[in-house]
Amino acid sequence: MIGSMDEIILDEIILGDVTVTRVKEFYGPVGMSPAHLFPDSPEGSWDAHRDWLAPDFWNPETDECHTAVQSWLLRSEGRTILVDTGVGDHEDRPYVPVWSRRDNGFLDNLAAAGVRPEDVDVVVNTHLHVDHVGWNTRLDGRTWVPTFPNATYLIARPDFEFWDPAGERGTARGDRNAFEDSVTPVHRAGLTHLWDGSYRIDRNLRLDLAPGHTPGSSALVLDSGGDRALFVGDLVHTPLQIVEPDVDSCFCVDPAAARATRRRLLGQAAESGALVFPAHFGGRGAAEVARDGTKFAIKEWAAFPRLS
Ligand SMILES: [Zn+2]
């Protein structure tokens with residue numbers, strides 16, 4: 001029997017003084033196989049974990065990875081904090097057609113969680129890839145304007161400088177277009193705070209740099225009332241990277257640094273009992289991890305309903 005009548009499953013869990021709500025934008029196959037998305041997967045590793053990777057994270061029949069795009073909505077010390085803003089609607093993404101000109105209706109899901117755009121106080125972009133900044137802005141006529149007009153957008157400076165076309169290093173391929181429609185408008189509106197190293201949001205929440213996947217990738221550390229969590233963006237895209245922590249995604253900018261950071265943060269989570277919240281897990285969305293020799297294992301899934 002899976003679950004029981006006693007088990008109450010909500011889109012929301014409480015960790016210390018912080019309420020965490022899952023807000024879905026998209027869930028399903030994105031036309032990429034494990035060999036494409038995770039090219040250095042050890043031979044046979046997906047099959048070895050097939051009994052629990054399928055169907056939430058992988059469809060073995062079509063050999064497609066199943067991916068969620070979701071925001072983690074935090075309510076802490078009276079403020080509303082949105083961690084990552086997904087793909088967005090209507091953006092033109094010629095280099096990544098699956099995310100081009102979408103109409104996912106994310107703001108309706110946010111409204112169902114009780115949040116209007118003007119209610120958001122803080123936006124955290126864990127990094128500046130196309131699927132983490134989309135709803136930073138919305139289309140108003142032909143102009144991209146901030147979706148969350150009262151928010152401070154927290155962006156790590158190394159990512160901002162990496163993709164800023166006006167900056168010295170702003171030569172990164174592809175995602176420049178996302179920078180222009182989803183980052184530049186909030187920066188020009190004076191809503192960004194560019195941070196480096198570490199940044200404290202409030203007594204419960206702190207941002208730390210976690211470079212590798214991108215130069216300014218970050219982890220949001222929750223420590224409240226004895227409960228701990230790590231919101232890790234794309235440190236891991238699939239739970240296979242927990243049991244095989246040296247597997248990078250094909251989108252990691254600095255694979256060696258990504259592996260080192262992954263091992264460091266998963267180790268920290270295992271030791272502290274922190275719930276790990278990646279950006280793209282379907283299924284129960286987040287998990288506690290444990291050390292398993294030189295690798296890691298899923299200790300327990302979070303109490304969110306499985307995405308469908
Ligand atoms: Zn991503």
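Residues numbered from 1 in each chain as written. Predicted model: local features only at pLDDT ≥ 70, side-chain atom pairs only at ≥ 80, totals over all residues. Heavy atoms only, no water.

S.K.: Even after reading the chapter, I still don't get unusual backbone geometry, so can you show me in this structure?
M.R.: It is generally the case that most residues other than glycine have a negative phi and that most peptide bonds are trans. Backbone torsion omega between A54 and P55 reads 5 degrees, so that peptide bond is classified as cis. Along the chain, the position of P55 falls in the loop between α3 (50-53) and β3 (58-59). In this model, D63 sits at a positive phi of 55 degrees, which is unusual for a non-glycine residue. Structurally, the position occupied by D63 is in the loop between β3 and β4 (64-76). (Helix = DSSP H or I, 4+ residues; strand = E, 2+ residues; numbered from the N terminus.)

S.K.: Whenever I open this one, empty space enclosed by the protein confuses me. Can you help?
M.R.: Over the atoms, a rolling probe the size of a water molecule traces out where space has been left empty. Taken as a whole and judged by the stated rule, the model has 1 cavity of 30 Å³ or more. There is about 80 Å³ of room inside the largest cavity. Taken together, 14 residues form the lining of the largest cavity, with A210, H213, S217, D234 and L235 sitting closest to its centre. Of all the secondary structure elements, the ones that give two or more residues to the lining of the largest cavity are β14 (227-233) and α10 (255-272). Looking at the lining of the largest cavity residue by residue, the class counts come to 5 nonpolar, 7 polar and 2 charged. (1 Å grid on protein atoms, 1.4 Å probe; cavity = no way out; pocket = protein on both sides within 12 Å on 5 of 7 lines; lining within 4 Å. Points joined across faces, edges and corners; volume = space filled by probe spheres on them. Nonpolar A, V, L, I, M, F, W, Y, C, P; charged D, E, K, R; others polar.)

S.K.: Got a minute to help me understand the environment of D292 in this structure?
M.R.: Inspection of the secondary structure puts D292 in strand β16 (residues 287-292). For D292, a relative accessible area of 47% translates into the label partly exposed. Note: C-alpha distance between D292 and V83 (209 residues apart in sequence) is 29 Å. (Buried < 20%, exposed > 50% of the residue type's maximum accessible area, 1.4 Å probe, protein only.)

S.K.: Help me understand the pattern of salt bridges, please; the structure alone is not making it clear to me.
M.R.: Note on pairing: side chains with opposite charge can pair once their charged atoms come close. This model, assessed by the stated rule, comprises 18 salt bridges. E77 is paired through a salt bridge with R203; the nearest N and O atoms lie 2.7 Å apart. Linking E77 in the loop between β4 and β5 (79-83) with R203 in the loop between β11 (198-200) and β12 (205-209), this pair joins segments that are 126 residues apart in sequence. Here D246 ties to R263 by a salt bridge, and the two come within 3.0 Å at their closest N and O atoms. Of this pair, D246 sits in the loop between α9 (240-243) and α10 while R263 sits in helix α10, placing them 17 residues apart in sequence. Judged by relative accessible area, which is 38%, D246 ranks as partly exposed. Among the residues examined, R263 registers a relative accessible area of 28% and is labelled partly exposed. (Salt bridge = Lys/Arg side-chain N within 4 Å of Asp/Glu carboxyl O.)

S.K.: Would you take a moment to explain the sheet that holds strand β15 (residues 275-278) for this structure?
M.R.: In space, the 7 strands of this open sheet follow the order β11-β12-β13-β14-β15-β16-β17, with mixed pairing throughout. What marks the edges here is a single partner per strand, and that holds for β11 and β17 (295-301). Going across the sheet, the axis of each strand differs from the next one's by a mean of 30 degrees, ignoring polarity. Across 4 bridges, the pairing between β14 and β15 is parallel. Note that in β15 the partner of F231 across the bridge is F277. (Pairing = 2+ DSSP bridges. Axes fitted to C-alpha atoms, helices over the stretch in contact; angles between N-to-C directions.)

S.K.: Would you mind showing me how to read the side chain of T85 here?
M.R.: Relative to the helices and strands, T85 is located in the loop between β5 and α4 (106-112). Overall, T85 belongs to the buried group, its relative accessible area being 1%. For T85, the side chain forms a polar contact with the main-chain oxygen of V133, separated by 3.2 Å. Aside from chain neighbours lying at most four places away, what touches T85 is S71, V123, N125, H132, V133, G134, W135, N136 and F148. (Polar contact = N/O pair within 3.5 Å; in protein donor to acceptor, adjacent residues only side chain to side chain. Contact = heavy atoms within 4.5 Å.)

S.K.: For this particular structure, what's the right way to read the coordination of the zinc ion?
M.R.: When a metal holds four donors in a tetrahedron, each ideal angle between them is 109.5 degrees; when it holds six in an octahedron, the ideal angles are 90 or 180 degrees. Protein coordination at the zinc ion: the donors are D131 (OD), H132 (NE2), D234 (OD) and H280 (NE2), at 2.1 to 2.2 Å from the metal. Donor residues for the zinc ion sit on one chain with the sequence pattern D-H-x101-D-x45-H. Separated by 102 residues along the polypeptide, H132 in helix α5 (residues 130-133) and D234 in the loop between β14 and α9 bring together distant segments of the chain. Grouping residues by exposure puts H132 and D234 together as buried. (Donors = N, O, S within 2.8 Å, 3.2 Å for Na, K, Ca; no water.)

S.K.: Would you explain the state of the cysteines in this entry?
M.R.: In protein chemistry, a disulfide is the covalent bond that joins the sulfur atoms of two cysteines. This structure, assessed with the given rule, holds 0 disulfides. For C250, which is in no disulfide, the shortest distance to another cysteine sulfur is to C252 and amounts to 8.3 Å. Overall, C250 belongs to the partly exposed group, its relative accessible area being 30%. (Disulfide = S-S within 2.5 Å.)

S.K.: How should I be thinking about the packing of aromatic side chains in this particular structure?
M.R.: The geometry of an aromatic ring pair is captured by two quantities: the separation of the ring centres and the angle between the planes. Taken as a whole and judged by the stated rule, the model has 14 aromatic pairs. Each ring, one from F57 and one from W301, has its centre 5.6 Å from the other, and the planes form 20 degrees; the classification is stacked. Within this pair, whereas F57 is found in the loop between α3 and β3, its partner W301 is found in strand β17, the two being separated by 244 residues in sequence. Between the aromatic rings of W72 and F304, the centroid separation amounts to 5.4 Å while the plane-to-plane angle is 45 degrees, which identifies the pairing as tilted. Of this pair, W72 sits in strand β4 while F304 sits in the segment after β17, and the two are 232 residues apart along the sequence. Connected via pairs of aromatic rings, a cluster forms that spans W52, F57, F281 and W301. (Phe/Tyr/Trp six-rings, centres within 6.5 Å; stacked < 30°, edge-to-face > 60°.)

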